[in-house]
Amino acid sequence: MSRRLFFGTLIGLLCLAVFGRATAAEPRRGGTLRIAYEADITGMDPHSSLGIQAMYVEQNLFNTLVTINENAEYVPDLAESWEVKEDGRVYVFHLRKGVKFHDGTDFNAEAVKWNFDRLLDPKENVITRSYFEPIIESVQVIDEHTLQISLKYPTNTLLPALAVYRVGFMIISPASYKKWDRQELPHHPAGTGPFKLVKWEQNRVIELERNPDYFKKGFPYVDRLEFNIMKDGTTRATAIRAGEVDFVNEVPVEHAERLTEDPNIQVYRGMDASMIYIPFNVKRKPFDDLRVRQALAGYGISRKAITKIAFLGFAEPLVGVIPPGTRGHEDISEMYPYNPGKAKQLLEAAGINANNPLEYTIMTHAAYPPLPNVATIMKTELESLGPVRVTVEVVDRPIFLKRLREHEFDQVANMALPFIDVNARSYLMEAGEGSLNQANHTDMHVDELFDKWRRTVDPTAQNLIGHELQRYIAEKMLMPILSTRPTIQAARGTVKGYTYMRGLKVNFETTWLTR
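Owing to the predicted nature of the structure, the values given are computational and were not obtained by experimental measurement. (Residues numbered from 1 in each chain as written. Predicted model: local features only at pLDDT ≥ 70, side-chain atom pairs only at ≥ 80, totals over all residues. Heavy atoms only, no water.)

**Notes on the overall build of the protein**
Inference 1: The helix and strand inventory of the protein stands at 16 helices and 21 strands.
Inference 2: Taking 515 residues into account, the globule formula puts the C-alpha radius of gyration at 24 Å, and the protein, at 23 Å, falls close to it.
Inference 3: Its C-alpha atoms give the protein principal-axis dimensions of about 70 × 55 × 40 Å.
Inference 4: Residues classed as buried in the protein amount to 58% of the 515 residues present.
Inference 5: As displayed, the protein offers around 19,900 Å² of accessible surface, 50% of which is attributable to carbon and sulfur atoms. (Helix = DSSP H or I, 4+ residues; strand = E, 2+ residues; numbered from the N terminus. Rg over C-alpha atoms; globule rule 2.2 N^0.38 Å. Buried < 20%, exposed > 50% of the residue type's maximum accessible area, 1.4 Å probe, protein only. Areas by Shrake-Rupley, 256 points an atom, 1.4 Å probe, with all protein chains shown as cover.)

**Some words on the nonpolar core**
Inference 1: Counting 148 residues, the largest nonpolar core has F93, F116, F132, L296, Y360 and F508 as its most contacted members.
Inference 2: Dropping the residues within four chain positions of it, L296 is found in contact with F280, F287, I301, L347, L358, Y360, L382 and V388.
Inference 3: Counting residues in each nonpolar core, the second largest holds 15 residues, with A239, L259, F314 and I488 among its members. (Core = buried A, V, L, I, M, F, W, Y, C linked by side-chain atoms within 4.5 Å. Contact = heavy atoms within 4.5 Å.)

**Quick notes on the packing of aromatic side chains**
The description of an aromatic ring pair uses the distance of the two centres, along with the angle that the planes make with each other.
Inference 1: According to the stated counting rule, one finds 23 aromatic pairs in the structure shown.
Inference 2: The interplanar angle of 55° and the centroid separation of 4.8 Å between the aromatic rings of Y131 and Y165 together place this pair among those described as tilted. Linking Y131 in helix 4 (residues 129-132) with Y165 in the loop between helix 5 (158-163) and helix 6 (174-184), this pair joins segments that are 34 residues apart in sequence.
Inference 3: For Y131, a relative accessible area of 2% corresponds to the buried category.
Inference 4: Overall, Y165 belongs to the buried group, its relative accessible area being 1%. (Phe/Tyr/Trp six-rings, centres within 6.5 Å; stacked < 30°, edge-to-face > 60°.)

**What about the confidence of the model for the protein?**
It should be kept in mind that the predicted coordinates are not to be read in detail where pLDDT is low.
Inference 1: Per-chain confidence: the protein averages 93 in pLDDT, with 95% of residues scoring 70 or above.
Inference 2: Note that residues 1-23 has pLDDT below 50 and, in this model, 24 contacts with residues that lie over four places away or in other chains. (pLDDT = per-residue confidence, 0-100.)

**Concerning unusual backbone geometry**
Inference 1: Residue F219 is joined to P220 through a cis peptide bond whose omega torsion reads -10°.
Inference 2: Within the fold, P220 resides in the loop between strand 9 (205-210) and strand 10 (224-229).
Inference 3: With an omega dihedral of 5°, the bond running from K285 to P286 counts as a cis peptide bond.
Inference 4: Looking at the secondary structure, you find P286 in the loop between strand 13 (275-277) and helix 9 (290-299).
Inference 5: At D181, a position not held by glycine, the phi torsion is positive, near 60°.
Inference 6: Along the chain, the position of D181 falls in helix 6.

**Topic: the environment of Y37**
Inference 1: Secondary-structure assignment places Y37 in strand 1 (residues 32-37).
Inference 2: Given a relative accessible area of 1%, Y37 falls into the buried group.
Inference 3: Separated by 330 residues in sequence, Y37 and A367 place their C-alpha atoms 9.1 Å apart.
Inference 4: Not counting the four nearest positions on each side in its chain, Y37 is found in contact with I52, Q53, Y56, V57, F227, N228, I229, M230, K231, R236 and N249.

**Focus on the packing of helix 15 (residues 444-455) against helix 16 (residues 459-476)**
Inference 1: For the pair helix 15 and helix 16, the least separation of the axes is 9 Å and the interaxial angle reads 165°. When the interaxial angle is binned, helix 15 and helix 16 end up roughly antiparallel. Where helix 15 crosses over helix 16, the handedness of that crossing is left-handed. Contacts from H445, V446, L449, F450, K452 and W453 in helix 15 reach Q462, I465, G466, E468, L469, Y472 and I473 in helix 16.
Inference 2: Looking at the contact of helix 15 with helix 16, its residues break down into eight nonpolar, three polar and two charged. (Axes fitted to C-alpha atoms, helices over the stretch in contact; angles between N-to-C directions. Parallel < 35°, antiparallel > 145°, perpendicular 65-115°, else oblique. Left-handed = near helix turned anticlockwise from the far one by under 90°. Nonpolar A, V, L, I, M, F, W, Y, C, P; charged D, E, K, R; others polar.)

**Overview of the sheet that holds strand 7 (residues 146-151)**
Adjacent strands of a sheet pair through backbone hydrogen bonds, lying either parallel or antiparallel.
Inference 1: The strand order across the open sheet formed by four strands is 4-5-7-6, and the pairing between neighbours is antiparallel. At either margin of the open sheet sits one strand with a lone partner, and together these are strand 4 (79-85) and strand 6 (136-143). Ignoring strand direction, the axes of neighbouring strands in this sheet form an average angle of 20°.
Inference 2: By the bridge criterion, six bridges tie strand 4 to strand 5 (residues 90-95) in an arrangement that is antiparallel. (Pairing = 2+ DSSP bridges.)

**Topic: the sheet that holds strand 11 (residues 247-248)**
Inference 1: Strand order in the open sheet made by the seven strands is 8-9-10-1-11-19-12, with mixed pairing throughout. Since the sheet does not close on itself, it has two edges, and those belong to strand 8 (195-201) and strand 12 (265-268), each with one partner.
Inference 2: Both strand 11 and strand 19 (residues 489-492) contribute to a ladder of two bridges, which runs antiparallel. Across the sheet, residue V248 finds its bridge partner in strand 19, namely A490.
Inference 3: Packed onto the sheet, helix 7 (residues 233-241) meets strand 1, strand 11, strand 12 and strand 19 and runs at close to 25° relative to strand 19.

**What about the layout of surface pockets?**
Inference 1: The calculated volume of the second largest pocket comes to roughly 620 Å³.
Inference 2: T42, S48, S49, L50 and R405 are, among the 21 residues lining the second largest pocket, the residues nearest its centre.
Inference 3: Going through the elements one at a time, helix 6 and helix 13 (397-405) are the ones with two or more residues in the lining of the second largest pocket.
Inference 4: The leading source of residues in the lining of the second largest pocket is helix 13, at five residues. (1 Å grid on protein atoms, 1.4 Å probe; cavity = no way out; pocket = protein on both sides within 12 Å on 5 of 7 lines; lining within 4 Å. Points joined across faces, edges and corners; volume = space filled by probe spheres on them.)

**Observations regarding the side chain of H407**
Inference 1: Relative to the helices and strands, H407 is located in the loop between helix 13 and strand 16 (411-412).
Inference 2: Note on H407: relative accessible area 18%, which makes it buried.
Inference 3: For H407, the side chain forms a polar contact with the main-chain oxygen of L436, separated by 3.5 Å. (Polar contact = N/O pair within 3.5 Å; in protein donor to acceptor, adjacent residues only side chain to side chain.)

**Notes on empty space enclosed by the protein**
Inference 1: In this structure the tally under the stated criterion is five cavities of 30 Å³ or more.
Inference 2: By volume, the largest cavity amounts to about 220 Å³.
Inference 3: Taken together, 19 residues make up the lining of the largest cavity; nearest its centre are G51, Y277, L401, Y427 and Q438.
Inference 4: Taken together, the elements giving at least two residues each to the lining of the largest cavity come down to helix 2 (52-58), helix 13, strand 17 (414-415) and helix 14 (426-429).
Inference 5: Considering every element that reaches the lining of the largest cavity, the biggest residue donor is helix 13, with four residues.
Inference 6: Taken together, the residues that form the lining of the largest cavity break down as twelve nonpolar, three polar and four charged.
Inference 7: Taken as a whole, the second largest cavity spans an internal volume of roughly 40 Å³.
Inference 8: Every residue along the wall of the second largest cavity is listed here: L428, M429, N437, Q438, A439, H441, V446, I473, L478 and M479.
Inference 9: Class assignment of the residues belonging to the lining of the second largest cavity gives a composition of seven nonpolar, three polar and no charged.

Next comes the structure, spelled out in structure tokens:
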């Protein structure tokens, strides 16, 4: 990335933050915000629909009890306030009154408790159950607008789990679940959010309209959100330059600098809180052999070269599971320097040689444009080791997510959701019940380390446990990491009021248009 882009983006963000309120006109109401969206979604049930793209749409349909602001501070959302009692073991939430779900039913403490009951029910297979099941002892309705959550032990993980782990704990209408059941619910979302679903034409467009009964008075400003599915990165970049769309959610790295040079476009970039990860299915042979995993995802690939070629310098090599923009990051790149000779020795020791070559597939998708290039460069480097033959399979994002969840792969190249601390990744890395466990492993020491992290309240001590966790996962190659993932977005100058949050949130309730 050029110094001009870095400092131009930084200065632009500072100018928006410092001078925006003083110089901007009064927000205008109306209009359609046209968004170039990189992939279709799997559904709109925040408790079960996989994928970053689904998450960002859901953040405009639903609310959480607590959310975060641009400074990553916890602030009220559906809960007006909360109290912490009994040395951190009891939280009492005071809920907003007069809030309605999109289907016209009332939001109240019973609805929140029903959402918790669903989340904690193993039969529901809720994605984020592992955030809450280890820590929650009980959820109790005190009155119509007061809810008490009692914890098994003091922990500082409840608020981030409610606010920002994955999508946060989004509250859906119990009546909508009863009407549509679990299978149809992803097509009929009913939250309390600033927008409501109007239309979803798969692989073409998702349209949301303003919720006239939104509890945050005066919001949102725009009448409509239009998520136009544009899987090709060049198409997205061309569309915003031509004024055919107002906002690009995922700017391809090869177009970022040119967009920055356009005076009509604002490019957003911050410290990376996401990563590219390349896990194996460790129950498939020969990936059950640590030596093979270390050879292929440790010593056998040049993170520096892949990052430079596939990301044009916008990303950084990374070995640990915590990126530099996330609390608790530690640089452990010394664990796996590029060493093809050592990779060959490990493969030979594992019985992989000219007489017994390894042939396998790296599955990826193109919703994030660098991924096919990443997989292709990995293929070239790994095949240079000798007895290795790699096939790169690029599939559509919803299919990719289905196969990922069902562990139908040898190895994947995928991008992670931006996250605020390492516990936000527990639902992908723990081996126990309720975890997606993407590597398909059985190493319960990982779960023990996460549990130790959750039970530690002191941030300094917690970070040390996080460092231990990073090193252990890297040593065992249970979640191999390749690099950071830059979150680059762009908006035309006619878009005002959008708050860039490094991909932790993508919410348009305060956004307005000058055109």
